[in-house]
Amino acid sequence: MRFLKSRRRWLSWWDGRIRSLLFDIAVAFLCIPSGDWGIPTDSVVVNAAQILVVFATFLVRRRFPWVPIAMLVPLSIFSDPGPAIFVAVYTMARYRGPSMQLWAAYAVAFGASMLGAKNLEPVDVVPVVLGLLLITAFPLLLGLWVFQRKQLLASLRERAEQAERERDLLAERAVTAERRRIAREMHDVVAHRCSVITLQAGALTMTAPDERTGEVAEVIRSTSATALTELRSMLQVLRDDGHEATGDLADDASAEGIANLVEDAAAAGADVRLTRPDPMPETSTEVGRAAYRVVQEALTNAGKHAPGAPVRVDITADDDVEVTVTNGPGRDDGAEAVPGSGYGLIGMRERVTLAGGALRAGRTEDGGYRVRAVFPALG
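Below you will find a few notes about this structure. (Residues numbered from 1 in each chain as written. Predicted model: local features only at pLDDT ≥ 70, side-chain atom pairs only at ≥ 80, totals over all residues. Heavy atoms only, no water.)

1. What to know about empty space enclosed by the protein
The line we're drawing: Every definition here rests on a 1 Å grid over the protein atoms only: cavities are sets of points where a 1.4 Å probe fits but cannot get out, pockets are open sets enclosed by protein on both sides within 12 Å along at least five of seven lines, and lining residues have some atom within 4 Å of a point. Grid points are joined across faces, edges and corners, and a volume is the space filled by probe spheres set on the points. Going along the chain from the N terminus, every DSSP run of H or I of four or more residues is numbered as a helix, and every run of E of two or more is numbered as a strand. Residue type decides the class: Asp, Glu, Lys and Arg count as charged, Ala, Val, Leu, Ile, Met, Phe, Trp, Tyr, Cys and Pro as nonpolar, and the leftover types, Gly among them, as polar.
In total, this model carries one cavity of 30 Å³ or more according to the counting rule given. By volume, the largest cavity amounts to about 40 Å³. Counting residues per element, the ones that place at least two in the lining of the largest cavity are helix 10 (285-305) and strand 3 (320-327). Tallying contributions element by element places helix 10 first for the lining of the largest cavity, with three residues. Grouping the amino acids of the lining of the largest cavity by side-chain chemistry returns eight nonpolar, two polar and no charged.

Written out as structure tokens, the structure is:
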């Protein structure tokens with residue numbers, strides 16, 4: 001990783017790509033004049049220095065486009081610039097675009113090319129000038145095309161990113177509006193009906209003709225009040241868009257709260273028994289809430305589909321935490337079945353999966369039903 005960061009740093013002039021550096025090295029070698037420089041010296045060091053200067057000039061052309069343009073003047077005076085003119089003009093057009101710098105650089109390059117055409121006859125001046133204009137115009141136009149193409153691609157990329165950001169913003173606003181609409185509907189409909197149930201059950205508790213009726217009415221009132229508390233917590237989460245709500249939807253929705261679920265079901269007349277380790281196994285918040293909801297949904301389903309059947313809740317903790325709810329076959333007493341939404345088992349499976357566990361549910365040999373959830377132990 002350190003090597004990659006170092007390579008990006010010293011290759012920043014070539015957009016972090018080695019192939020761009022190798023391409024510029026090849027271009028720099030191509031721009032070195034091959035003929036006599038016209039300098040009266042036989043020193044190998046001087047000749048090597050001249051070659052090195054030209055090579056370095058065209059090697060850094062991406063970062064300093066003016067340097068190759070300035071080098072054209074001595075090259076045209078002492079030698080034949082050759083391909084260096086085309087490379088210098090293209091580089092300036094490619095990295096500076098249509099600007100005063102480009103036209104000034106083009107004038108310098110054209111003047112340098114005229115210096116290379118020495119000792120012309122007067123009759124040859126006009127054709128040579130027109131030819132040089134056409135020749136030097138080609139790299140100029142090519143560089144401008146590449147520059148404009150890069151600008152266009154950058155503009156299209158920016159528009160695409162802006163459109164994506166706007167789409168995400170619109171989707172977020174739509175989700176927020178839908179959450180608030182659901183919160184309003186739940187408050188106006190569900191909360192109102194739960195409040196009515198709580199008030200009526202409270203009134204029945206006070207005016208019950210016998211003790212058993214009063215106990216059942218108190219269970220209904222207590223359950224309705226708990227449901228209202230959970231509903232208010234859920235409405236707060238929906239209205240806060242899930243960003244500021246840090247608490248659980250219900251304080252009792254944990255592995256420790258399973259005992260309260262069983263007690264409430266037993267108080268309502270259900271034949272339910274709980275077996276659990278003492279102390280309860282330590283679990284994460286997600287696992288505890290999922291286990292609580294599994295037991296809650298399983299008890300509800302047992303009451304709806306097998307009323308009066310004995311229910312057993314078993315919690316074990318060895319390598320994993322296992323929660324099992326088993327109910328016997330229901331008695332057909334002619335009572336109308338309580339309608340269900342059809343999403344209870346799906347919701348349980350989703351909760352267990354999100355908590356990192358696995359859920360299995362199905363009929364038992366005696367015609368009952370068993371729900372078994374296995375969660376990973378904490379740590």
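That was the structure; now back to the text.
2. Concerning the environment of Met-114
The condition that has to hold: Each residue's exposure class comes from its accessible area (1.4 Å probe, protein chains only) as a fraction of the maximum for that residue type: buried when under 20%, exposed when over 50%, partly exposed otherwise. Here a residue-residue contact requires only that any non-hydrogen atoms of the pair lie within 4.5 Å.
Inspection of the secondary structure puts Met-114 in helix 6 (residues 100-116). Residue classification places Met-114 among the partly exposed positions, given a relative accessible area of 26%. Spatially, the C-alpha atoms of Met-114 and Leu-132 are 7.9 Å apart, while their sequence positions differ by 18 residues. Residues in contact with Met-114, not counting those within four places in the same chain, are Val-129 and Leu-132.

3. Structural notes on the environment of Val-323
The residue Val-323 is located in strand 3 in this model. For Val-323, a relative accessible area of 1% gives the class buried. Through-space distance from the C-alpha of Val-323 to that of Ala-255 is 9.8 Å; in sequence the pair is 68 residues apart. Ignoring anything within four residues of it in the chain, the contact list for Val-323 reads Ala-291, Val-295, Asp-314, Ile-315, Val-371, Arg-372, Ala-373 and Phe-375.

4. Concerning the sheet that holds strand 1 (residues 272-275)
Stated precisely, the cut-off is as follows: The pairing criterion is simple: DSSP has to find at least two bridges between the two strands. Only the stretch in contact is used when a helix axis is fitted, and all axes are lines through C-alpha atoms; the angle between N-to-C directions ranges over 0 to 180 degrees.
Read across the open sheet, the five strands follow the order 1-2-3-5-4; overall the sheet is mixed. With one partner strand each, in any of the chains shown, strand 1 and strand 4 (358-363) form the two edges of the open sheet. Across the sheet, the mean angle separating the axes of adjacent strands is 10° when strand polarity is ignored. Looking at chain direction, strand 1 and strand 2 (residues 311-317) are connected through four bridges and run parallel. Across the sheet, residue Leu-274 finds its bridge partner in strand 2, namely Val-313. Against the sheet, helix 9 (residues 258-267) contacts strand 1 and strand 2, and its axis sits at roughly 160° relative to strand 1. Running at roughly 155° to strand 4, helix 11 (residues 344-354) makes contact with strand 4 and strand 5 (369-376) of the sheet.

5. Focus on helix 9
Under the convention used in this document: An arc is given here, and it is the one of the directions from the helix axis to the C-beta atoms.
Of all the positions in helix 9, only Ile-258, Ala-259, Leu-261, Val-262 and Ala-265 are classed as buried. The arc that holds the buried residues of helix 9, viewed along the axis, is 160°, so those residues lie on one side. The elements touched by buried residues of helix 9 are strand 1, helix 10 and strand 2. A positive backbone phi angle near 105° is found at Gly-269, which sits one or two residues after helix 9.

6. Here's the deal with a negative patch on the surface
We apply this condition: Patch members must show over 30% relative accessible area and no salt bridge, and they are joined within 9 Å when carrying like charges or within 5 Å when they are nonpolar side chains of Val, Leu, Ile, Met, Phe, Trp or Tyr. In this description, accessible areas are obtained by the Shrake-Rupley approach with a 1.4 Å probe, and a residue is regarded as covered only by the protein chains that are shown. Each reported salt bridge corresponds to a side-chain nitrogen of Lys or Arg within 4 Å of a carboxyl oxygen of Asp or Glu. Charged residues are defined narrowly, with Lys and Arg counted positive, Asp and Glu counted negative, and His plus the chain ends left uncounted. Think of each charge as sitting on NZ of Lys, CZ of Arg, CG of Asp or CD of Glu.
There is a patch of like negative charges on the surface, built from Glu-158, Glu-161, Glu-164, Asp-168 and Glu-172. Checked against the element boundaries, Glu-158 lands in helix 7 (residues 122-206). Judged by its relative accessible area of 52%, Glu-158 is exposed.

7. Comments concerning the layout of surface pockets
Where empty space is left in the structure can be found by rolling a water-sized probe over the atoms. Considering only enclosed or pocket space, the largest pocket measures out at about 1300 Å³ in volume. Along the walls of the largest pocket sit 40 residues, with Thr-223, Leu-261, Asp-264, Gln-296 and Thr-300 positioned nearest its centre. Of all the secondary-structure elements, those providing two or more residues to the lining of the largest pocket are helix 7, helix 8 (211-239), helix 9 and helix 10. Ranked by residues supplied to the lining of the largest pocket, first place goes to helix 8 with eleven residues. Here the lining of the largest pocket is built from residues that sort into 23 nonpolar, ten polar and seven charged.

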